[in-house]
Amino acid sequence: MHMNQMDQTKICCSVCLELLKDPVTIPCGHSYCMNCIKSFWDEEEKKKIYSCPQCRRTFTARPVLEKNTMLADLVEELKKTGLQAAPADHCYAGPEDVACDVCTGRKMKAFKSCLVCLASYCEKHLQTHYDSPTFKKHKLVEPSKKLQEKICSRHDEVMKMFCRTDQQSICYLCSVDEHKGHDTVSAAAERTERQRELEVSRQNIQQRIQDREKDVKQQIRSQRETEVSRVKELQEKLEQEITELKRKDAELKQLSHTEDHIQFLHNYPSLSALSESTDSSSINIRPLSYFEDVTAAVSEVRDKLQDILREERTNISLTVTEVDVLLSQPQPKTRAGFLKYSRNITLDPNTANKLLLLSEGNRKATAVIQQQSYSDHPDRFTWWFQVLSRESLTGRCYWEVERRGEGVCVAVAYKNISREGGYECVFGCNDKSWVLNCNNNSFTCWYNNIKTRVSGPRSSRVGVYLDHRAGILSFYSVSETMTLLHRVQTTFTQPLYAGLLVYYNYGDTAELIKLK
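Residues numbered from 1 in each chain as written. Predicted model: local features only at pLDDT ≥ 70, side-chain atom pairs only at ≥ 80, totals over all residues. Heavy atoms only, no water.

A.B. asks: Explanation requested: the overall build of the chain in the structure shown.
C.D. replies: Scanning the chain from terminus to terminus reveals eleven helices and 23 strands. Considering only intrachain contacts with a sequence separation of at least 6, the fraction spanning at least 24 residues in the chain is 60%. (Helix = DSSP H or I, 4+ residues; strand = E, 2+ residues; numbered from the N terminus. Contact = heavy atoms within 4.5 Å.)

A.B. asks: Explanation requested: the pairing of strand β18 (residues 450-454) in the structure shown.
C.D. replies: Looking along a regular strand, one sees the side chains alternate between the two faces of the sheet. Judged from the five bridges that link them, strand β17 (residues 443-447) and β18 form a sheet pairing that is antiparallel. Bridging across to β18, Trp446 finds its partner in Lys451. Turn length for the β17-β18 hairpin, with the two strands adjacent in sequence and antiparallel, is two residues, and the turn residue Asn448 shows positive phi of about 55°. (Pairing = 2+ DSSP bridges.)

A.B. asks: Would you take a moment to explain the pattern of salt bridges for this structure?
C.D. replies: If the charged atoms of two oppositely charged side chains come close together, the side chains can form a pair. In the structure shown here, the tally under the stated rule is 25 salt bridges. In this structure, the salt-bridge partner of Arg212 is Asp215, at a minimum N-O distance of 3.1 Å. Here Asp215 and Arg212 lie together in helix α7 (residues 187-222), a separation of three residues that amounts to about one turn. The exposure class of Arg212 is buried, given its relative accessible area of 6%. Glu402 serves as the salt-bridge partner of Arg404, at 2.8 Å between the closest nitrogen and oxygen. Exposure remark for Glu402: the relative accessible area of 12% places this residue in the buried category. Overlapping salt bridges bring together Arg335, Glu400, Glu402, Arg404 and Arg461 as one network. (Salt bridge = Lys/Arg side-chain N within 4 Å of Asp/Glu carboxyl O. Buried < 20%, exposed > 50% of the residue type's maximum accessible area, 1.4 Å probe, protein only.)

A.B. asks: When you look at the sheet that holds strand β10 (residues 184-186) in this model, what are you seeing that I'm missing?
C.D. replies: What holds strands together in a sheet is hydrogen bonding between their backbones, with the strands either parallel or antiparallel. The three strands lie next to each other as β9-β8-β10, forming an open sheet whose pairing is antiparallel. Only two strands of the sheet have a single partner each, and these edge strands are β9 (168-170) and β10. On average, adjacent strands in this sheet sit at an angle of 35° to one another, irrespective of strand direction. In this sheet, β10 lies alongside strand β8 (residues 161-163) in antiparallel orientation, the contact comprising three bridges. Opposite Cys163, over in β10, you have Thr184 as the bridge partner. Packed onto the sheet, α7 meets β8 and β10 and runs at close to 90° relative to β10. (Axes fitted to C-alpha atoms, helices over the stretch in contact; angles between N-to-C directions.)

A.B. asks: How should the packing of aromatic side chains be read in this particular structure?
C.D. replies: Aromatic rings in a pair are described by how distant their centres are and how their planes are angled relative to each other. Scanning the entire structure with this criterion turns up ten aromatic pairs. Pairing Trp434 with Tyr447 gives two aromatic rings, centres 4.8 Å apart and planes at 5°, and the pair type is stacked. Here Trp434 is found in strand β16 (residues 433-439), whereas its partner Tyr447 is found in strand β17, with 13 residues between them in sequence. Assessed through its relative accessible area of 32%, Tyr447 is described here as partly exposed. Here the aromatic cluster, defined as three or more aromatic residues joined through ring pairs, consists of Phe338, Tyr341, Tyr398, Tyr465 and Tyr476. The ring of Trp446 has Arg196 lying over it, and the distance from NZ or CZ to the ring centre is 4.0 Å. The ring of Phe381 has Arg419 lying over it, and the distance from NZ or CZ to the ring centre is 5.1 Å. (Phe/Tyr/Trp six-rings, centres within 6.5 Å; stacked < 30°, edge-to-face > 60°. Lys NZ or Arg CZ within 6 Å of the ring centre and 35° of its normal.)

A.B. asks: So what exactly am I meant to see when it comes to the side chain of Gln331 here?
C.D. replies: Inspection of the secondary structure assignment puts Gln331 in the loop between α10 (290-327) and α11 (335-339). What makes Gln331 buried here is its relative accessible area of 17%. A distance of 3.5 Å separates a polar atom in the side chain of Gln331 from a polar atom in the side chain of Ser474. (Polar contact = N/O pair within 3.5 Å; in protein donor to acceptor, adjacent residues only side chain to side chain.)

A.B. asks: For this particular structure, what's the right way to read the pairing of strand β23 (residues 509-512)?
C.D. replies: Both faces of β23 are covered, namely the face carrying Thr509 and Glu511 and the face carrying Ala510 and Leu512. Taken together, the three bridges between strand β12 (residues 364-367) and β23 define a ladder with antiparallel strand orientation. When the sheet's bridge partners are listed, Ala365 is paired in β23 with Ala510. Looking at chain direction, strand β14 (residues 396-404) and β23 are connected through four bridges and run antiparallel. Of the residues in β23, the one forming a bridge with Val401 is Leu512.

A.B. asks: Honestly, the nonpolar core in this entry has me stumped. Any pointers?
C.D. replies: The biggest cluster of nonpolar side chains holds 79 residues, and the ones touching the most others in it are Trp399, Phe427, Trp434, Leu436 and Leu473. Grouped together as the second largest cluster of nonpolar side chains are 22 residues, Val24, Cys33, Ile37 and Cys52 included. (Core = buried A, V, L, I, M, F, W, Y, C linked by side-chain atoms within 4.5 Å.)

A.B. asks: Just checking my understanding: could you explain the sheet that holds strand β13 (residues 386-388) for this structure?
C.D. replies: The strand order across the open sheet formed by six strands is β13-β22-β15-β16-β17-β18, and the pairing between neighbours is antiparallel. Here the strands that pair on one side only, and so sit at the sheet edges, are β13 and β18. On average, each strand axis in the sheet is tilted by 20° relative to the strand beside it, whichever way the strands run. The sheet contact formed by strand β15 (residues 407-414) and β16 spans seven bridges and is antiparallel. Bridging across to β16, Val408 finds its partner in Cys438.

A.B. asks: Can you walk me through the state of the cysteines in this structure?
C.D. replies: Working definition: the covalent bond between the sulfur atoms of two cysteines is a disulfide. Taken as a whole, this structure holds zero disulfides when the rule is applied. Cys429 takes part in no disulfide bond, and the closest cysteine sulfur, belonging to Cys409, lies 9.2 Å away. Among the cysteines around Cys445, which has no disulfide bond, Cys438 carries the closest sulfur, lying 8.3 Å off. (Disulfide = S-S within 2.5 Å.)

A.B. asks: What is the right way to look at unusual backbone geometry in this model?
C.D. replies: The phi torsion of most residues other than glycine is negative, and most of the peptide bonds are trans. Backbone geometry at Arg56 places phi at a positive 70°, although glycine is not the residue there. Note on placement: Arg56 falls in the loop between β3 (50-51) and β4 (58-59).

A.B. asks: Whenever I open this one, the environment of Arg403 confuses me. Can you help?
C.D. replies: Among the secondary structure elements, Arg403 is positioned in strand β14. Remark: the alpha-carbon pair of Arg403 and Ala365, spanning 38 residues in sequence, is separated by 9.7 Å. With residues up to four places along the chain from it excluded, the contact list for Arg403 reads Val408, Cys438, Asn439, Phe443, Ser459, Ser460, Val462, Thr509 and Ala510. At a separation of 3.0 Å, a polar atom in the side chain of Arg403 contacts the main-chain carbonyl oxygen of Ser459.

This is the structure we're talking about:
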């Protein structure tokens, strides 16, 4: 009798992962070692329930177990071939590993943890989460020993929300109970806000590192031999600060890539604060003789620039007259006026993150848990749930976005916005994109990592008006009337593309409405 490895796994116990010993088959059709299923049900007896470890089917009474003689004979035949089903030692969980909650006896290493089941599973016991339509909707994360920290001790529910009033993670029952009337948002939305602040902190750290490194170099160049000891002392102090800042930056970088929202919010307060900077007044730079040459060179360049500017003033004044004419064209006052400039825009599948499902003729984007089979493309956003339009936008344009869910961002961006990497790719966190962040509680606008809070009536539809030549970008709340939320006046240097960012909540959607 010959059995390959695939055949062999079919007569292994899914609890101990070894060849069936005294095999029994329970009413749902799955088979186990008699002692394995007995031990599993002994644990469940405390809760007065009996279930199948694989399919989770429950039984009102504890089934009577009888030996499956056919399976027993097959196992004996397999043993005669000398094959073994036991996994390699490195697959078993050690003291520092997260162990599978289903395995009995010697437990396997967990492959994923489930935030819905609040349990960790090895690769074999995780298979139900991939096969069952019910379990496919569960949120899987890297194995974690701290799943209970994500459960509300009062309501025994997963904490998926955050109370800004009390600065703590809560469950949805808390939001209508003791936190009723508080400023509450989803954990994903709060994480996004804090992530933006984190990146600003990282930028400040990077700037301080550059400033301090520059100070060190200036000190070395500018101090004389008689002050060597003082320079060394200050240099050591600055280098210690640089080392500490780099360590802090590494901690913030690691935190920014934390997959779990609750863990991020739990660790953020202790990591986000910066120590006091070394007093810059203690860094005394004494001028050297070569600075006189630099000063003379700068003065000469300044004089030449003044001559050039004087010659160009006439041309500049003519250009200003032309721009004034463009800017004087009035912006529409009513929705009917805006609709004259409406554009039917579609989404470019080559830019869509693989966790965004495009539908409705590539006008609707939905955040999904299953990766889409998009081919690799250099224009694709690889980290954030973002997508850009296929059409470029110049002149006067108007479009509307219908949103569903807790958080959707409506954006415009240049085509050369970064597609790979971290936070620098997010709409509004660079100088290549402008974004209106919409959630159930507030509106905020972002450009180049600078946040502007805006107010206006809540509406599921957002209107966007662009006058590219005049440098005008306006966001509107659209219902029975149109209310201006935010207006940008700038100079656009490239064609723009409409963009959508859907938050991390699976099932949220954003759709470019067909207006014509």
